[in-house]
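Architecture and fold: a report
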Amino acid sequence: MTAITLAKGVNLGLRAAMEADPKVLIMGEDVGKLGGVFRVTDGLQKDFGEDRVIDTPLAESGILGTAVGLAMRGYRPVCEIQFDGFVYPAYDQIVSQVAKFHFRSRGLVKMPIVIRIPFGGGIGAVEHHSESPEAYFAHTAGLKVVACSNPIDGYWMIQQAIASDDPIVFFEPKRRYWEKGDLDEAATPDDLFSSRVVQEGTDATVLAYGPMVKTALEAAIAAADEGTSVEVIDLRTLSPLDMTPIHASVRKTGRAVVVHEAPVTLGLGSEIAARISEECFYSLEAPVLRVGGFDTPYPPSRIEEEYLPDLDRVLDAVDRSLAY
Amino acid sequence: MLTRRIDTEATALQRQGELGIWASLLGQEAAQIGSGRALRDQDFAFPTYREHAVAWCRGIDPLHLLGLFRGVDMGGWDPLADKFNLYTIVIGAQTLHATGYAMGLQRDGVIGTGDPDRDAAVIAYFGDGATSQGDVNEAFIWASVFTAPVVFFCQNNQWAISEPIERQSKIPLYQRALGFGFPGLRVDGNDVLAVYAVTQAALQRAREGSGPTFVEAYTYRMGAHTTSDDPTRYRVSEELEHWKARDPIERVKAYLTRNGVADEDYYAAIEQEAEELAVRLRKGCLELPDPSPLGIFDQVYEETTPELQIQREQFAAYLSSFEAAPGTHQGALS
């Protein structure tokens, strides 16, 4: 067992994937010599060379567009988008090309591309550096979307994503990059597209992913002090959703609160609420509630602590659910 | 002559309602055949959506082109095996794919070996309008800084639907390459032999590992942008007459005849072949099977998702309910 940070977990996972398959490439801005602005690709260019860890020109559409061509040639590109708010120049290549190629070619052309995006707020950054754009991609047929929340998942999930023959948008919670966990490299990881109960409880289910998992767990501890037993599920996979453990949990608790940093309108919480109401209608004691960012652009960082869902806002939603 | 006949037949099929739309290559045959014939088997071509004659050079059955425009598929060929990518509708996106593929060739060690059967190059087709796209400019930068073995083949047909070349550029397009750090040149796009020579040289330069070249094939879109377009709204007939006098097929016929390489019997034989091809195409087009409604679920992913499986099952059950009780549900549909 080794104590590692999330940044290190993803770094070690990338290294393991590159050692396992010479077709795995890393491409992005500052991923080579610098090792990435968050140091997630630290040391990889030194060990695997400039042909496999490519410092690209500064243009996100170019990164994804050339990744498509490399994938057609049999490579497995792992593209880093430096910050969430910089993914939009690549949006056309991701949505029109990466996502659709398998379908258009009747399965003849695979797109084993991973798009890594450090996402979310809470680090006091300037604008365009704190966004949560996951719903755009979860809405797109042909893509799969996952989010890790801790160092251990970071290590395993990045390797599983790279091994997948489908394109995957891989969200990393940047404000949790420095959180630590104990890695057991001999362990057997869960399936990439599975959600996980990370805290068992009986009174209400809180669903979270990425940076909000820690917040949800803290809320569960605080709730326990008040005598409320909260179950927390780390979604891990956003598209496809793994509804089986979610349905099981909600049938048990009768109450569900979905938490994410992204604005609530048409966010993941909306889809999850719909799915829960379709499948667990007679088990529900209260409407599914959503806690998230507001329908505003991400605010200046001095007030981001107010904007972002925190322990108290999660507890407030749990209380409202229990009050029904 | 064969590809022009394919084009004529496809236009006719569209007019008769058998194709949803058709993008004619009329007038651009020399640019496409000249460049397409310069490709070797191991080279890879990334077309836009008008490169029917390049597809012909790659050995793709023109019937496969019709599927896209009829709406039965999105291109019926195997892009990897045929080394001819699917048509790309979003303007310019394929230039980045071509550049990425070329970077793959570099990593595979199949350029600059000196072995003519091994060294490979990539050619990216696009039009004058595409040169305004960010993706095309990004592709130029990528190819330049990585010395990627790619030929950027721009068919400047003077028109991007209704917008003339003057709306895309204040300078001749080929001169843009200089700013990106690689050679650019203009060739008479209606001279098939000149296009062949220039493209072959550019491809060879790429195969040797010397990097990208920009080729501007100066030509003219003699027809409409597509069968949905009406060029009389934006261009004058004198312009078309000017270019008709430079028809690429008439020019090569004149050359061959004058040099005694081909005679009337030869052209008659080609015309006969073209007619047979057109008949086969028409028959094949009408016989193209419609896609299965449930088939759309099967190729979204390499490994499908539970959500998609559920949607497929529910849709299948819904569809089968019509078969079970046609009287009740068909009435509701109509």
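From a predicted model like this one, the values you see are computed outputs, not experimental measurements.

1. Let's talk about the overall build of chain B
- If you tally the helices and strands in chain B, you get 14 helices and seven strands.
- Expected size for 334 residues packed as a compact globule is a radius of gyration near 20 Å; at 22 Å, chain B falls within 12% of this value.
- Taking the principal axes of its C-alpha atoms as reference, chain B extends roughly 70 × 50 × 40 Å.
- Burial statistics for chain B: of 334 residues in total, 42% are counted as buried.
- For chain B, the proportion of contacts with a sequence separation of at least 24, taken over those separated by at least 6, is 73%.

2. Some details on the environment of Gly267 of chain A
All names here are of chain A.
- Relative to the assigned elements, Gly267 resides in the loop between strand E13 (256-263) and helix H10 (268-279).
- In this structure Gly267 comes out as buried when scored by C-beta crowding, with 22 C-beta atoms within 10 Å.
- Not counting the four nearest positions on each side in its chain, Gly267 is found in contact with Ala135, His260, Ala262 and Gly292.

3. Here's the deal with the sheet that holds strand E7 (residues 168-173) of chain A
All names here are of chain A.
- The sheet built from seven strands is open, its strands ordered E3-E2-E4-E5-E7-E6-E12 with mixed pairing. A strand with exactly one partner marks an edge of an open sheet, and here the two such strands are strand E3 (53-55) and strand E12 (237-239). Across the sheet, the axes of successive neighbouring strands diverge by a mean angle of 20°, strand direction being ignored.
- For strand E6 (residues 144-147) and E7, the ladder comprises four bridges, and the chain directions are parallel. Paired with Lys144 across the strands is Ile168, a residue of E7.
- Most of the contacts of helix H3 (residues 60-72) go to strand E4 (residues 76-80), to which it runs at about 170°, and overall it touches strand E2 (24-28) and E4.
- Across the sheet, helix H7 (residues 151-163) touches E2, E4, strand E5 (114-119), E6 and E7, and the angle it forms with E7 is around 165°.

4. Notes on the interface of chain A and chain B
- In this assembly, 33 residues from chain A lie in contact with 32 residues from chain B.
- When contributions to the side of chain A that touches chain B are tallied by element, the ones reaching two or more residues are H3, helix H4 (91-98) and helix H5 (101-104) of chain A.
- For the side of chain A that touches chain B, the element with the highest residue contribution is H3 of chain A, accounting for nine residues.
- Class assignment for the residues of the side of chain A that touches chain B results in 13 nonpolar, twelve polar and eight charged.

5. Topic: the packing of H3 of chain A against helix H6 (residues 93-108) of chain B
- Interhelical geometry of H3 of chain A versus H6 of chain B gives an angle of 55° and a closest axis separation of 6 Å. In terms of axis orientation, H3 of chain A runs oblique to H6 of chain B. Viewed along their axes, H3 of chain A and H6 of chain B form a crossing whose handedness is right-handed. Contacts between H3 of chain A and H6 of chain B involve Ser61, Gly62, Gly65, Thr66, Ala67, Val68, Gly69, Leu70 and Met72 of chain A from the first element and Ala93, Leu96, His97, Ala98, Thr99, Gly100, Tyr101, Met103 and Gly104 of chain B from the second.
- Tallied by class, residues from the contact of H3 of chain A with H6 of chain B come to nine nonpolar, nine polar and no charged.

6. Regarding helix H7 (residues 134-145) of chain B
- Compared with the 16 Å implied by 1.5 Å per residue over twelve residues, the 17 Å span of H7 of chain B between its first and last C-alpha is a close match.
- Considered for burial, the residues of H7 of chain B that qualify are Asp135, Val136, Asn137, Glu138, Ala139, Phe140, Trp142 and Ala143 of chain B.
- Contacts from the buried residues of H7 of chain B go to H3 of chain A together with H6, strand E2 (122-127), strand E3 (150-156) and helix H8 (176-180) of chain B.
- Where H7 of chain B ends, the next residue or the one after it, Thr147 of chain B, has phi of about 50°, a positive value.

7. Quick word on the environment of Ile113 of chain A
All names here are of chain A.
- Residue position: Ile113 is located in the loop between H5 and E5.
- Residue Ile113 is classed as buried on the basis of its 31 C-beta neighbours within 10 Å.
- When the C-alpha positions of Ile113 and Arg76 are compared, they lie 5.7 Å apart, and in sequence the two are 37 residues distant.
- Aside from chain neighbours lying at most four places away, what touches Ile113 is Ala67, Ala71, Pro77, Cys79, Val98 and Pro167.

8. Observations regarding the pairing of E6 of chain A
All names here are of chain A.
- A two-sided burial pattern is seen for E6, the buried positions comprising Lys144 and Val146 on one face and Val145 and Ala147 on the other.
- Where E6 lies against E12, two bridges are found, and the strand directions are antiparallel. Directly across from Val145, in E12, lies its bridge partner Ser239.

9. Description of the domain arrangement of chain B
- You can read the domains of chain B as domain 1 (2-287) and domain 2 (295-333).
- Here the C-alpha centre of domain 2 of chain B lies 40 Å away from the C-alpha centre of domain 1 of chain B.

10. Digging into the domain arrangement of chain A
All names here are of chain A.
- Once the domains are mapped, chain A shows domain 1 (2-183) and domain 2 (196-322).
- Across the boundary between the two partners, domain 1 contributes 24 residues, which contact 22 residues of domain 2.
- Going through the elements one at a time, helix H6 (134-138), E6 and E7 are the ones with two or more residues in the side of domain 1 that touches domain 2.
- It is E6 that contributes the most residues to the side of domain 1 that touches domain 2, four residues altogether.

11. With respect to the sheet that holds strand E10 (residues 204-208) of chain A
All names here are of chain A.
- Taken in spatial order, the five strands line up as E9-E11-E10-E13-E14 in an open sheet, and their pairing is mixed. Whereas interior strands pair on both sides, the edge strands pair on one side only; in this sheet they are strand E9 (196-199) and strand E14 (289-293). When strand polarity is set aside, the average angle formed by the axes of neighbouring strands in this sheet is 30°.
- Bridge count between E10 and E13: three bridges; the pairing is parallel. Bridging from a neighbouring strand, Thr205 pairs with Ala256 of E13.

12. Focus: the nonpolar core
- Among the nonpolar cores identified, the biggest contains 175 residues, and Val206, Ala216 and Val257 of chain A together with Val122 and Val150 of chain B are the most heavily contacted of them.
- Not counting the four nearest positions on each side in its chain, Val150 of chain B is found in contact with Ala98, Thr99, Ala102, Ala121, Val122, Ala124, Ala143, Ala206 and Pro212 of chain B.

13. Describing the pairing of E2 of chain A
Residues and elements named next belong to chain A.
- For E2, the buried fraction is high: five of the five residues fall into the buried class.
- With burial as the criterion, each face of E2 is covered, one bearing Val24, Ile26 and Gly28 and the other bearing Leu25 and Met27.
- With five bridges joining them, E2 and E4 adopt parallel strand pairing. The residue of E4 that forms the bridge with Leu25 is Pro77.
- Direction of pairing for E2 relative to E3: parallel, over a ladder of three bridges. Residue pairing in the sheet places Ile26 in a bridge with Val53 of E3.

14. Regarding unusual backbone geometry
All names here are of chain A.
- The step from Ser239 to Pro240 runs through a cis peptide bond, and the omega angle for that step is 0°.
- Position of Pro240 among the secondary structure elements: in the loop between E12 and helix H9 (243-253).
- Positive phi, normally seen in glycine, also occurs at His128, with a value near 70°.
- Residue placement: His128 occurs in the loop between E5 and H6.
- Taking the C-beta count within 10 Å as the criterion, His128 has 13 such neighbours and is therefore assigned partly exposed.
- Although it is not a glycine, Arg236 sits at a positive phi angle of roughly 65°.
- Here Arg236 shows up in the loop between strand E11 (230-234) and E12.
- Judged by the 23 C-beta atoms lying within 10 Å of it, Arg236 is buried.

Cut-offs and rules
- Residues numbered from 1 in each chain as written.
- Chains lettered and ligands numbered in written order.
- Predicted model: local features only at pLDDT ≥ 70, side-chain atom pairs only at ≥ 80, totals over all residues.
- Helix = DSSP H or I, 4+ residues; strand = E, 2+ residues; numbered from the N terminus.
- Rg over C-alpha atoms; globule rule 2.2 N^0.38 Å.
- Buried ≥ 20, exposed ≤ 12 C-beta atoms within 10 Å, placed from the backbone.
- Contact = placed C-beta atoms within 7 Å.
- Pairing = 2+ DSSP bridges.
- Axes fitted to C-alpha atoms, helices over the stretch in contact; angles between N-to-C directions.
- Nonpolar A, V, L, I, M, F, W, Y, C, P; charged D, E, K, R; others polar.
- Parallel < 35°, antiparallel > 145°, perpendicular 65-115°, else oblique.
- Left-handed = near helix turned anticlockwise from the far one by under 90°.
- Expected span 1.5 Å × (residues − 1).
- Domains from an automatic or database assignment.
- Core = buried A, V, L, I, M, F, W, Y, C linked by C-beta atoms within 7 Å.

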